[in-house]
Amino acid sequence: MLNIILCGAPGSGKGTQSGFIVEKYGLQHLSTGDVLRAEIASGSELGKKIDDLISKGNLVPDDLMYGVIENYIASLPADCKGTIFDGYPRTVAQAEALTSLLAKYHMDAIMIDLLVDEQLLIQRLIERGKVSGRADDNLNTIRHRIAVYHNQTEPIAHYYLHHGNYCPVNGNHSVEDVFLQIERILDK
Ligand code: AP5
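Residues numbered from 1 in each chain as written. Predicted model: local features only at pLDDT ≥ 70, side-chain atom pairs only at ≥ 80, totals over all residues. Heavy atoms only, no water.

By size, the foremost hydrophobic cluster in this structure holds 26 residues, and its most contacted members are Ile5, Ile69, Ile73, Phe85, Leu98, Leu102 and Tyr160. Residue assignment for this core shows that the elements contributing at least two residues are β1 (4-8), α3 (45-55), α4 (62-74), α5 (92-104) and α8 (156-163). Once you skip the residues sitting within four places of it in the chain, phenylalanine 85 turns out to touch Asn3, Ile4, Ile5, Leu6, Leu30, Ile69, Tyr72, Ile73, Leu98 and Leu102. (Core = buried A, V, L, I, M, F, W, Y, C linked by side-chain atoms within 4.5 Å. Buried < 20%, exposed > 50% of the residue type's maximum accessible area, 1.4 Å probe, protein only. Helix = DSSP H or I, 4+ residues; strand = E, 2+ residues; numbered from the N terminus. Contact = heavy atoms within 4.5 Å.)

On to the layout of surface pockets. Taken as a whole, the largest pocket spans an internal volume of roughly 800 Å³. If you go around the largest pocket, you meet 41 residues; those closest to its centre are Pro10, Lys14, Arg90, Arg134 and Arg145. Those elements giving two or more residues to the lining of the largest pocket turn out to be α1 (14-25), β2 (28-31), α2 (32-41), α6 (118-132), α7 (139-153) and α9 (175-186). When grouped by side-chain class, the residues that make up the lining of the largest pocket number twelve nonpolar, 18 polar and eleven charged. (1 Å grid on protein atoms, 1.4 Å probe; cavity = no way out; pocket = protein on both sides within 12 Å on 5 of 7 lines; lining within 4 Å. Points joined across faces, edges and corners; volume = space filled by probe spheres on them. Nonpolar A, V, L, I, M, F, W, Y, C, P; charged D, E, K, R; others polar.)

Another point: the pairing of strand β3 (residues 83-86). Residues Thr83 and Phe85 line one face of β3 and the alternating positions Ile84 and Asp86 line the opposite face, and both faces are buried. Note that β1 and β3 share three bridges and pair parallel. Each bridged residue has a counterpart across the sheet, and for isoleucine 5 the counterpart in β3 is phenylalanine 85. Pairing of β2 with β3 involves four bridges; the strand directions are parallel. (Pairing = 2+ DSSP bridges.)

This brings us to the environment of arginine 124. With respect to the secondary-structure elements, arginine 124 resides in helix α6. When the C-alpha atoms of arginine 124 and glycine 11 are compared, they prove to be 6.3 Å apart, with 113 residues separating the residues in sequence. When residues no more than four places from it in sequence are discounted, the contact partners of arginine 124 are Gly11, Ser12, Gly13, Val116, Gly171, Asn172 and His173. At 2.9 Å, the side chain of arginine 124 and the backbone oxygen of glycine 171 are in polar contact. (Polar contact = N/O pair within 3.5 Å; in protein donor to acceptor, adjacent residues only side chain to side chain.)

The next thing to look at is α5. An α-helical turn contains 3.6 residues, so any two residues separated by three or four positions project in the same direction. The end-to-end C-alpha distance of α5 is 19 Å, a good match for the 18 Å that 13 residues give at a rise of 1.5 Å each. Residues Gln94, Ala95, Ala97, Leu98, Leu101 and Leu102 constitute the buried set of α5. Viewed along the axis of α5, the buried residues span an arc of 165°, placing them on a single side of the element. (Expected span 1.5 Å × (residues − 1). Arc of directions from axis to C-beta.)

Moving on, we get to the sheet that holds β1. In spatial order, the strands read β2-β3-β1-β4-β5; together these five strands make up an open sheet with parallel pairing. In this open sheet, the two strands that pair with only one neighbour each are β2 and β5 (166-170). The average angle at which neighbouring strand axes cross in this sheet is 20°, direction not considered. (Axes fitted to C-alpha atoms, helices over the stretch in contact; angles between N-to-C directions.)

A separate point is the site of the ligand. The environment of the ligand is formed by 29 residues, the closest being Thr16, Asn58, Arg90, Arg128 and Arg145. In the model, a nitrogen atom of the ligand is placed 3.0 Å from a nitrogen or oxygen of the valine 60 main chain. Bound to the protein, the ligand loses 86% of the 1000 Å² it would expose on its own. Assessed atom by atom at 2 Å from the grid points, the ligand resides in the largest pocket. Residues that form the shell around the ligand fall into these classes: ten nonpolar, twelve polar and seven charged. (Near = heavy atom within 4 Å. Areas by Shrake-Rupley, 256 points an atom, 1.4 Å probe, with all protein chains shown as cover. Sits in = over half its atoms within 2 Å of the grid points.)

To continue, consider α8. Of the positions making up α8, those classed as buried are Ile156, Ala157, Tyr159 and Tyr160. Down the axis of α8, the smallest arc covering the buried residues is 160°, so these residues share one side. Summarising the geometry of α8, the exposed residues directed more than 90 degrees from the buried face are His158, Leu161 and His162. Buried positions along α8 lie against β1, α5, β4 (110-115), α7 and β5. Immediately downstream of α8, the backbone of glycine 164 shows phi near 80°, a positive value.

Below is the structure:
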């Protein structure tokens, strides 16, 4: 089974590259951002709380995210080839929780870290914001999301480096070039 943790700042290309990986390797794709946006769209009370956090560019609490991931892993079909975890983990506590959950099911994962210069991230997200309709794709919130990424998510690189499954990728290049780098890692 091939499990991939796809990490990177907002706009680094996690969703874009997930699409290519799904197509070539037949993996399942779990985007925690999509799961949370679906909860918002449902109009539930929980969705309203999540909306308040996401639209300000803040992270949703770890315990809530843990429930999402636990349910997902417990319901994986027996013939699953593996999962792309897109946007999870985003804190060291989430990384530790995922390691334990995967171990419980005799699984592990590699972490692919999409590294992109900040100016490029902002350009991409401003451009996407013209059509995405996402409440968090505006300059102020984008800057805050990037700061949250540096403070809370970047440290997980050290966690995976320490665990020996860290794979950095230069995400500044074209979509195709970035996918080539990912293919080289996955085909090893
Ligand atoms: P989420 O939906 O995961 O958003 P994000 O991390 O901010 O990432 P984005 O979707 O903005 O970007 P991406 O890296 O997927 O890039 P994409 O491929 O779209 O999370 C949203 C929010 O949910 C979080 O802020 C948080 O509040 C909450 N949340 C989610 N998970 C959580 C968790 N685990 N814990 C707590 N809270 C959580 O590309 C962006 C744009 O760039 C696109 O227009 C694309 O076409 C373009 N592009 C991509 N690659 C390239 C390239 N190589 N060259 C040129 N353009 C490119």
